[in-house]
Amino acid sequence: MGGVLPHAGSNPALPAIKKYMTTKTKIKDKFHIWTVGCQMNVADSQRVDVGLKRLGLNEEKNIEDADIVVLNTCVVRQSAEDTATGLLGRLAKQKKRKSTFICVTGCMVESTTKTLAERFPQVDLWAKPQDTPKIIENIADFLNLSSDGCVENLIPEKSKYAEFVPIVQGCDKFCTFCVIPYRRGRETSKPLQQISDEINQLVLNGAKEVTLLGQNVDSYGHDLNPKKDLSDLMHSIHDISELQRIRFLTSHPNDMSIKLINTINELPKVCKCINLPFQAGSNRILANMRRGYTRDQFLRKIDQIRQIIPDVTLTTDLIVGFPGETDQDFNDSIELLNIVNFDKVHVAAYSERKGTFAFRQIQDDVPINIKRERLNEVNKLQDKIQNDLNSKYLGNNYEVLIEGKNREKFYGRTEGDKLVYVENLSEDFLGEIVKTKIIDFSPYSLVAEKI
Ligand code: SF4
């Protein structure tokens, strides 16, 4: 990935800050990392957090009290981008008040930051996604600290029970609506050994489950020499003895091979849970999205998966209101939802993303009220489907990895990624896989008791 591009505006401030610090009147040591978007951003932020703590800085919960602010941004939806730009407005005032150092990373950072730097002169550092070492180094420099030993192997000293591990960055697919290939670049896989070492360390630090992350995780390894694939990686990390569960996110229908489906079925630690986005149910819209498959091909892939893994849990992503989507096109999506009965659907209304093919070439012609109606219809249908699916869990036994406690309730997930609140537990069960019996359900979660 590319390098960090410090904004010229940061440099004049540096000598003043260093002088300020050497007077020992006040140490600037409070940082805040603000994160939106996908799990990839969450994982990236976690690594920035580790590096900043190694510099000796302290996490500050309130952004307005922080001396160093890192915004990890997302531009997949307009609302996420608007929130980040709104925050930058507030931070400009904060900077005037207390010389806050502002770094922006994530997908908002374009290949050239010139336009952004002109628009947001308050930003000291524009860092492309995954430029974690450079973020740490620049902040260390700003604070007149040494970053030696602070940027390698950025693994948290205490793991969460379920951790996210980026394994492949970027995407080569160039769907017409998606900005990811322009912001995160072409697919670049981490070496298998590096991932294995990282997971070993996470497990030593307490992790029980890892989710392997990629915008298109199924294409992992094709760019490595010698070539590897996701099955190879799953086999390799399956041997890590204390690791109990392996998940992976997000798949592409064209790259989910029979070999991979068989591996998921055969390896006991790999969760039988697949997120397979279909994005649209109409062939015409799929072609305009350049998804590279037809509706029938997608449905055949679902059949293949279910034949090999009968108890698989399937989730998906769907866009409504893509340019030119007629009532009939939308009904094709609804029909597909009814055919497959997904356990969860991440649905979004289409919004134009600057720089994409759709933004340049296709008019965003579906009115916002129609998009909202379609969103509501999908959510309503999906609530019903999920309620029906979850009702079948009632009275049955499932193993749940207990991940945490929220408002006095312990929660965790089944192998199929169902959120379960488990009654009659104590803190001793945190991080343990417990046997439970399902006693209640809703479209969104299950309630269980330990057995
Ligand atoms: S496959 Fe996913 S990440 Fe890649 S361009 Fe298409 S929507 Fe974007």
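Rules behind the numbers
Residues numbered from 1 in each chain as written. Predicted model: local features only at pLDDT ≥ 70, side-chain atom pairs only at ≥ 80, totals over all residues. Near = placed C-beta within 6 Å. Nonpolar A, V, L, I, M, F, W, Y, C, P; charged D, E, K, R; others polar. Core = buried A, V, L, I, M, F, W, Y, C linked by C-beta atoms within 7 Å. Buried ≥ 20, exposed ≤ 12 C-beta atoms within 10 Å, placed from the backbone. Helix = DSSP H or I, 4+ residues; strand = E, 2+ residues; numbered from the N terminus. Pairing = 2+ DSSP bridges. Contact = placed C-beta atoms within 7 Å. Axes fitted to C-alpha atoms, helices over the stretch in contact; angles between N-to-C directions. Left-handed = near helix turned anticlockwise from the far one by under 90°. Expected span 1.5 Å × (residues − 1). Arc of directions from axis to C-beta.

Q: Where do I start with the site of the ligand in this structure?
A: The ligand sits among Cys171, Lys173, Phe174, Cys175, Cys178, Ile180, Pro181, Gln215, Asn216 and His252. For the shell around the ligand, the class distribution of residues is six nonpolar, three polar and one charged.

Q: Looking at this structure, I do not really get the nonpolar core. What am I missing?
A: As a rule of thumb, nonpolar side chains are buried together in soluble globular proteins. Val70, Ile139, Ile167 and Leu212 are the most contacted members of the largest nonpolar core, which has 94 residues in total. In terms of residues, this core owes the most to one element, helix 5 (residues 132–142), which gives five residues. Counting residues in each nonpolar core, the second largest holds twelve residues, with Val400, Phe410, Leu425 and Phe441 among its members.

Q: Looking at this model, I keep getting lost on the sheet that holds strand 9 (residues 209–214). Mind explaining?
A: In a beta sheet, neighbouring strands pair by backbone hydrogen bonds and run either parallel or antiparallel. Spatial ordering of the open sheet is given by 8-7-9-10, a layout of four strands whose pairing is mixed. Each end of this open sheet is capped by a strand with a single partner; those strands are strand 8 (188–189) and strand 10 (245–249). Two strands pair when backbone bridges link them, and strand 9 and strand 10 are joined in this way by five bridges, in the parallel orientation. By the bridge assignment for strand 10, glutamate 209 is matched with arginine 245. Its contacts with the sheet place helix 2 (residues 39–54) against strand 7 (162–169), strand 9 and strand 10, and it is angled at close to 105° to strand 7. Most of the contacts of helix 8 (residues 230–238) go to strand 10, to which it runs at about 155°, and overall it touches strand 7, strand 9 and strand 10.

Q: Which parts of the structure should I look at to understand the sheet that holds strand 18 (residues 446–450)?
A: Spatial ordering of the closed barrel is given by 14-15-16-18-17, a layout of five strands whose pairing is mixed. Pairwise comparison of adjacent strand axes, ignoring direction, gives a mean angle of 55° for this sheet. As judged from the four bridges shared by strand 16 (residues 419–423) and strand 18, these two strands associate in the parallel manner. Bridging from a neighbouring strand, tyrosine 421 pairs with valine 447 of strand 18.

Q: Hey, could you run me through the packing of helix 9 (residues 258–266) against helix 11 (residues 295–308) in this one?
A: Packed helices, taken two at a time, are described by the angle between their axes plus the distance between the axes. At their nearest, the axes of helix 9 and helix 11 sit 9 Å apart, and the two run at 35° to each other. Note on packing geometry: the crossing formed by helix 9 with helix 11 is right-handed. Mapping the contact onto sequence places Ile258, Ile261, Asn262 and Asn265 in helix 9 and Gln304, Ile305 and Ile308 in helix 11. Broken down by class, the residue content of the contact of helix 9 with helix 11 amounts to four nonpolar, three polar and no charged.

Q: In this structure, what is going on with helix 7 (residues 192–204)? I would like to understand it.
A: With 13 residues, helix 7 should cover 18 Å at 1.5 Å per step; its first-to-last C-alpha distance of 18 Å lies within 8% of that length. Regarding helix 7, the residues found buried are Ile195, Glu198, Ile199, Leu202 and Val203. Down the axis of helix 7, the sector holding all buried residues measures 135°, keeping them to one side. Along helix 7, the residues that are exposed and aim more than 90 degrees away from the buried face are Gln193, Gln194 and Leu204. Looking at the buried side of helix 7, the elements it contacts are strand 7, strand 9 and helix 8. Immediately beyond the C-terminal end of helix 7, within one or two residues, lies glycine 206, with a positive phi of roughly 120°.

Q: Please clarify how helix 9 should be interpreted in this entry.
A: Among all positions of helix 9, only Leu260, Ile261 and Ile264 are buried. Along helix 9, the residues classed as buried sweep out an arc of 100° about the axis, all on the same side. Those residues of helix 9 that are exposed and aimed more than 90 degrees away from the buried face are Ile258 and Lys259. Buried positions along helix 9 lie against helix 8 and helix 11.

Q: Can you walk me through the environment of leucine 213 in this structure?
A: Considering the arrangement of structural elements, one finds leucine 213 in strand 9. Classification of leucine 213 by C-beta neighbours within 10 Å gives buried; the count is 22. Sequence-wise, leucine 213 and isoleucine 167 are 46 residues apart; in three dimensions their C-alpha atoms are separated by 5.7 Å.

Q: Could you clarify how one ought to interpret the environment of glutamate 415 in this entry?
A: One can find glutamate 415 in the loop between strand 15 (409–413) and strand 16. Judged by the 22 C-beta atoms lying within 10 Å of it, glutamate 415 falls in the buried class. In the structure, glutamate 415 is positioned 377 residues away from cysteine 38 in sequence and 21 Å away in space, judged by C-alpha atoms. What glutamate 415 contacts, discounting residues up to four positions off in sequence, is Arg245, Cys271, Lys272, Cys273 and Glu399.

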